[in-house]
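One-letter residues, chain by chain:
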Amino acid sequence: MSIEAKIAGDIEVRTREELFINIQPIQVAGRLTPEAMKALIAYGDGYSVCDWCRKPFRLDCIKKPPIDKFHKEIAEFLGMDVARAVPGARRGFQAVANTLVEKGDTVVMSSLAHYTEFLAVEAAGGIVKEIPPNEKNIVTGEATAEKIEKVKAETGKLPKLIMIDHFDYSLGNEHDVYGIGKVAKEYDIPFLYNGAYTVGVMPVDGKKIGADFIVGSGHKSFASPAPSGILATTKEWAERVFRKSSMKGDLTGRVFEAKEVEMLGCTLMGANMIAMMASFPAIKERVKHWDEEIKKINYFLEEFLRIEGNKVVSEMPRKHTLTKVDTIESFHKIAKTHKRKGWFLSDELKKRKIVGMFFGATKTWKLNTYGLTWNQIEYLTKAFIEIAEKYNIPHTLAKKVEKERKL
Ligand SMILES: *Cc1c(COP(=O)(O)O)cnc(C)c1O
């Protein structure tokens, strides 16, 4: 029998963020602010935000708490005209795909696109065509134009939509969203900018990018609980994506003219809505310090690469904190003969209170240093060097220290 306190039954108390340095690729920028935690408790009851719901009886129009104001501000924050809170980035893709894509229509996206983009197009009856990245694993405007031409030649029609991840989930590489925005304009094809890894951590200006839609993920990058997200668009597209219901009941004659079809009336209710709003002031501040986050990941990798055999798979220098590394020629060699196999590295990190790398991985794996302090970065760096020393993997840190002493 366990003597540990439980929330209820077998539900453990989660202490990962309190007790460990977490470098889990998808978790770090979704960590809640203290304000969001307070909001979760205060607005936890089901339909809590409906206390002051008045005509036209729609979530984004509620004035108390100021949900309507948040919607206006978030649109402005992203350089767009209209925004809606949605239950996750995927629901943003879905609303756009449902609106623009009909059966058999083509949507072009990157070959590094997220699976939820595939599924949103599939659910709408569309067909995905992938744009290949160049030799540096970057999707460019030219490659996008080529793919559009190819689709046109094969189907006789232009794609209905272009969906591009600014930073992809796999390598965290930056793709040419500005170039692609221009191509989208030239072909007059709507462009959905996927900001799952950008909205909430770095400045995003939809006008500058030339995006027709901006999608963000609350639980990925906006210090918000799951599910939460943002769909923002221009005045022109808002009329279509946020079109209102025109259905009339045949018996009752009832109509729901204020309700938006793709949003199914109201979207992100209760605690999740208010938590997102509660994190917003901190988000506005933190996007100004993205350059510091980039300095930290580049510093960490510079040290990490001192370990012989370590490589970085993502583009260098890093422009994002999400990074894929390759330790086949270093830690994986140890794993081959270690009695704990690949788990030895996770074990060694956990002993040092570091968690979040894919459990048991020693070949290629991802990490994300977003939100770590400089002290924590320094500690993380030393931990890897220590592990390398323990298993006799050579590194050049000793040389660096020697050099610094001489200076
Ligand atoms: C995480 C992620 C998504 C999905 O976001 P949700 O908010 O969980 O729906 C979509 N695209 C990319 C690139 C992602 O990394």
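Residues numbered from 1 in each chain as written. Predicted model: local features only at pLDDT ≥ 70, side-chain atom pairs only at ≥ 80, totals over all residues. Heavy atoms only, no water.

Draft legend 1. Up close: the site of the ligand. Lining the immediate surroundings of the ligand are 14 residues, of which Ala89, Arg90, Ser217, His219 and Lys220 lie closest. Contact between the ligand and arginine 90: an oxygen atom at 2.6 Å from a side-chain N or O atom of the residue. For the ligand, whose accessible area on its own is 390 Å², the fraction buried by protein is 96%. Sorting the residues of the shell around the ligand by element identifies α4 (89-100) and α9 (218-221) as the ones contributing at least two each. Considering every element that reaches the shell around the ligand, the biggest residue donor is α4, with three residues. Of the residues belonging to the shell around the ligand, the class tally is five nonpolar, six polar and three charged. (Near = heavy atom within 4 Å. Polar contact = N/O pair within 3.5 Å; in protein donor to acceptor, adjacent residues only side chain to side chain. Areas by Shrake-Rupley, 256 points an atom, 1.4 Å probe, with all protein chains shown as cover. Helix = DSSP H or I, 4+ residues; strand = E, 2+ residues; numbered from the N terminus. Nonpolar A, V, L, I, M, F, W, Y, C, P; charged D, E, K, R; others polar.)

Draft legend 2. Quick peek at the environment of leucine 19. Looking at where leucine 19 falls in the secondary structure, it is placed in helix α1 (residues 16-19). With 335 residues separating them along the chain, leucine 19 and isoleucine 354 place their C-alpha atoms 9.0 Å apart.

Draft legend 3. Here's a closer look at the sheet that holds strand β11 (residues 311-312). Overall, antiparallel pairing links the three strands, which are arranged β11-β12-β14 in an open sheet. Across the chains shown, the open sheet's two edge strands, defined by having one partner strand only, are β11 and β14 (364-368). (Pairing = 2+ DSSP bridges.)

Draft legend 4. Region of interest: the side chain of serine 110. Among the secondary structure elements, serine 110 is positioned in strand β5 (residues 106-110). A polar contact of 2.7 Å, which involves the side chain of serine 110, links it to the backbone nitrogen of leucine 112. When near neighbours in sequence (up to four residues on either side) are disregarded, serine 110 contacts Glu130, Ile131, Val139, Met163 and Ile164. (Contact = heavy atoms within 4.5 Å.)

Draft legend 5. Spotlight on the side chain of glutamate 348. Among the structural elements, glutamate 348 can be located in helix α14 (residues 343-351). Side chain to side chain, glutamate 348 and lysine 351 meet in a polar contact 3.4 Å long. Side chain to side chain, glutamate 348 and tyrosine 391 meet in a polar contact 2.6 Å long. Residues in contact with glutamate 348, not counting those within four places in the same chain, are Ile387, Lys390 and Tyr391.

Draft legend 6. Up close: the environment of isoleucine 283. Along the chain, isoleucine 283 turns up in helix α11 (residues 270-286). Sequence separation of isoleucine 283 and leucine 301 is 18 residues, and the distance between their C-alpha atoms is 26 Å. Ignoring anything within four residues of it in the chain, the contact list for isoleucine 283 reads Phe77, Gly200, Ser221, Phe222 and Ala223.

Draft legend 7. Fine view of helix α15 (residues 374-390). Helix length check: α15 (17 residues) gives 24 Å between terminal C-alpha atoms against 24 Å at 1.5 Å per residue, within 8%. Within α15, burial applies to Ile377, Leu380, Thr381, Ala383, Phe384, Ile385, Ile387 and Ala388. Looking one or two residues past α15, asparagine 392 carries a phi angle of roughly 60°, positive in sign. (Expected span 1.5 Å × (residues − 1). Buried < 20%, exposed > 50% of the residue type's maximum accessible area, 1.4 Å probe, protein only.)

Draft legend 8. Geometry of a nonpolar patch on the surface. On the surface, Ile7, Ile11 and Val13 cluster together to form a nonpolar patch covering roughly 290 Å² of accessible area. In this structure, isoleucine 7 sits in strand β1 (residues 6-8). Taking relative accessible area as the criterion, isoleucine 7 reaches 61% and is therefore assigned exposed. (Patch = residues over 30% accessible without salt bridge, like charges linked within 9 Å, V, L, I, M, F, W, Y side chains within 5 Å. Salt bridge = Lys/Arg side-chain N within 4 Å of Asp/Glu carboxyl O.)

Draft legend 9. How the structure looks around the domain arrangement of the chain. Looking at the assigned domains, one finds that the chain contains domain 1 (6-29 + 288-390) and domain 2 (48-268). Here domain 1 and domain 2 have C-alpha centroids that lie 32 Å from each other. On the side of domain 2, 18 residues touch domain 1, which itself brings 16 residues to the contact. Counting each side, the surface lost to burial between domain 1 and domain 2 is near 1400 Å², with a carbon and sulfur contribution of 52%. The interface formed by domain 1 and domain 2 includes one salt bridge. Linking lysine 319 and glutamate 174 is a salt bridge whose minimum nitrogen-to-oxygen distance equals 3.7 Å. For the pair domain 1 and domain 2, the number of links is nine residue pairs in polar contact (both at pLDDT 80 or more). Only β12 (322-326) and β14 provide two or more residues apiece to the side of domain 1 that touches domain 2. With three residues, the top contributor of residues to the side of domain 1 that touches domain 2 is β12. When the residues that make up the side of domain 1 that touches domain 2 are grouped by side-chain class, the tally is seven nonpolar, four polar and five charged. (Domains from an automatic or database assignment. Buried area = accessible area lost by both parts, 1.4 Å probe.)

Draft legend 10. Region of interest: the environment of isoleucine 62. Tracing the backbone shows isoleucine 62 in the loop between α2 (34-42) and α3 (67-77). With residues up to four places along the chain from it excluded, the contact list for isoleucine 62 reads Val49, Cys53, Ile67 and Asp68.

Draft legend 11. Up close: the sheet that holds strand β4 (residues 82-86). Spatially, the seven strands line up as an open sheet ordered β4-β10-β9-β8-β7-β5-β6, and their pairing is mixed. Both outer strands of the open sheet, β4 and β6 (127-131), are each paired with one neighbouring strand and no more. Looking at each pair of strands side by side, their axes are set apart by 20° on average, direction ignored. Alignment of strand β9 (residues 213-217) against strand β10 (residues 229-233), held across five bridges, turns out to be antiparallel. Each bridged residue has a counterpart across the sheet, and for glycine 216 the counterpart in β10 is isoleucine 230. (Axes fitted to C-alpha atoms, helices over the stretch in contact; angles between N-to-C directions.)

Draft legend 12. Summary view of the packing of aromatic side chains. Per the counting criterion, the structure on display carries 14 aromatic pairs. With centroids separated by 5.3 Å and ring planes inclined at 90°, the aromatic side chains of phenylalanine 77 and phenylalanine 280 adopt a geometry described as edge-to-face. With phenylalanine 77 in helix α3 and phenylalanine 280 in helix α11, this pair connects stretches of sequence that are 203 residues apart. Here a set of aromatic residues connected by ring pairs shows up, and it is made of Phe300, Phe304, Phe331, Trp365 and Phe384. In this structure, lysine 64 is placed above the aromatic ring of tryptophan 52, and the distance from its NZ or CZ to the ring centre is 4.1 Å. A cation sits over an aromatic face here: lysine 284 above phenylalanine 280, 4.4 Å from the ring centre. (Phe/Tyr/Trp six-rings, centres within 6.5 Å; stacked < 30°, edge-to-face > 60°. Lys NZ or Arg CZ within 6 Å of the ring centre and 35° of its normal.)

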